[in-house]
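Structural description and commentary
Chain residues, written in single-letter form:
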Amino acid sequence: FCCQGGATRGLQMAGYHVTGVDINPQPHYCGDAFHRGDAFAWLQKDLSAFDLIWASPKCQAHSILTPARTKGNHEIQLPRVLDLLRTQPVPYIVENVEGTQVYMRNPVMLCGSMFGLEIWRHRWFELGNTDAFFLLPPCNHDGHPILISGRGMRGVAKGNKRPSAPLKADKMRGIGIDWMTTAGLNQAIPFLAEQL
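Remember, it's a predicted structure, so these values are computed and weren't measured experimentally.

1. Observations concerning helix 1 (residues 6–13)
Counting buried residues in helix 1 gives six out of eight residues, a clear majority hidden from the surface. The complete set of buried residues in helix 1 reads Gly6, Ala7, Thr8, Gly10, Leu11 and Gln12. Packed against the buried residues of helix 1 are strand 3 (53–55). Gly15 sits one or two positions beyond helix 1 and adopts a positive phi of about 105°.

2. A look at the sheet that holds strand 4 (residues 92–97)
With mixed pairing, four strands are arranged side by side in an open sheet as 3-4-6-5. The outermost strands of the open sheet, each flanked by one partner alone, are strand 3 and strand 5 (108–111). Neighbouring strand axes in the sheet, compared pairwise and without regard to direction, differ in orientation by 25° on average. Across the sheet, helix 3 (residues 78–85) touches strand 3, strand 4 and strand 6 (122–128), and the angle it forms with strand 4 is around 170°.

3. Describing the nonpolar core
Leu43, Ile53, Val81, Leu85, Val94, Leu110 and Met114 are the most contacted members of the largest nonpolar core, which totals 32 residues. Every element with two or more residues in this core is listed here: helix 1, helix 2 (39–43), strand 3, helix 3, strand 4, strand 5 and strand 6. In terms of residue count, helix 3 provides more of this core than any other element does, five residues in total. Discounting residues that sit within four places of it in the chain, Leu85 has contacts with Leu43, Ile53, Ala55, Tyr92, Val94 and Asn129. Judged by nonpolar contacts, the second largest core, of ten residues, contains Leu117, Ile119, Ile175 and Ile177.

4. Some points on the state of the cysteines
What we call a disulfide is simply a covalent bond connecting the sulfur atoms of a pair of cysteines. Tallied over the full model, the rule gives zero disulfides. With no disulfide of its own, Cys3 lies 6.6 Å from the sulfur of Cys2, the closest cysteine sulfur. There is no disulfide at Cys139, and the cysteine sulfur nearest it, in Cys111, is 3.8 Å away. Judged by relative accessible area, which is 29%, Cys139 ranks as partly exposed.

5. Quick word on the environment of Asn186
Tracing the backbone shows Asn186 in helix 5 (residues 182–187). Residue classification places Asn186 among the partly exposed positions, given a relative accessible area of 26%. Taking the C-alpha atoms as reference points, Asn186 and Ile175, separated by eleven residues in sequence, lie 10.0 Å from one another.

Rules used in this analysis
- Residues numbered from 1 in each chain as written.
- Predicted model: local features only at pLDDT ≥ 70, side-chain atom pairs only at ≥ 80, totals over all residues.
- Heavy atoms only, no water.
- Buried < 20%, exposed > 50% of the residue type's maximum accessible area, 1.4 Å probe, protein only.
- Helix = DSSP H or I, 4+ residues; strand = E, 2+ residues; numbered from the N terminus.
- Contact = heavy atoms within 4.5 Å.
- Pairing = 2+ DSSP bridges.
- Axes fitted to C-alpha atoms, helices over the stretch in contact; angles between N-to-C directions.
- Core = buried A, V, L, I, M, F, W, Y, C linked by side-chain atoms within 4.5 Å.
- Disulfide = S-S within 2.5 Å.

Below is the structure:
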């Protein structure tokens, strides 16, 4: 589920050689190696040669940005991914959107605002086969975030003024990523290299 590599870049900057797997071609992928294939097939292999497995399965079935009428059109992948990863002998990290933490063991929530980014993007993580723990700063939702995904329609039905759509350059600055397409930015998490 590597897509264009938001998590990949942070892992590279932390010293990892990263092999990405995605079912779709990813010409903008920033990793060291790329394999086009089914991530579920990879997760059923013996991955003990790897130091860490990172998975960010599809989130559209849970995302607040997915219209309610189309949520049922999207596969819920997270439980299956977690079942497969929990059988692996190496440490793993699984990331997904708000609402998916109910599937996770001891989930940790991170938000871009915790790290001084101008985005409010809550993501939930399960860390498996590790004793790691975190002391995290709180979210800081003061001011106005840069909208990375969506059309800026939140609250419009309640009479709020629709903000102007941010420029791609603003999105790239807000999330700390400069190589992705707009579609890639909409799906990515910040790589937060300085935090790793």
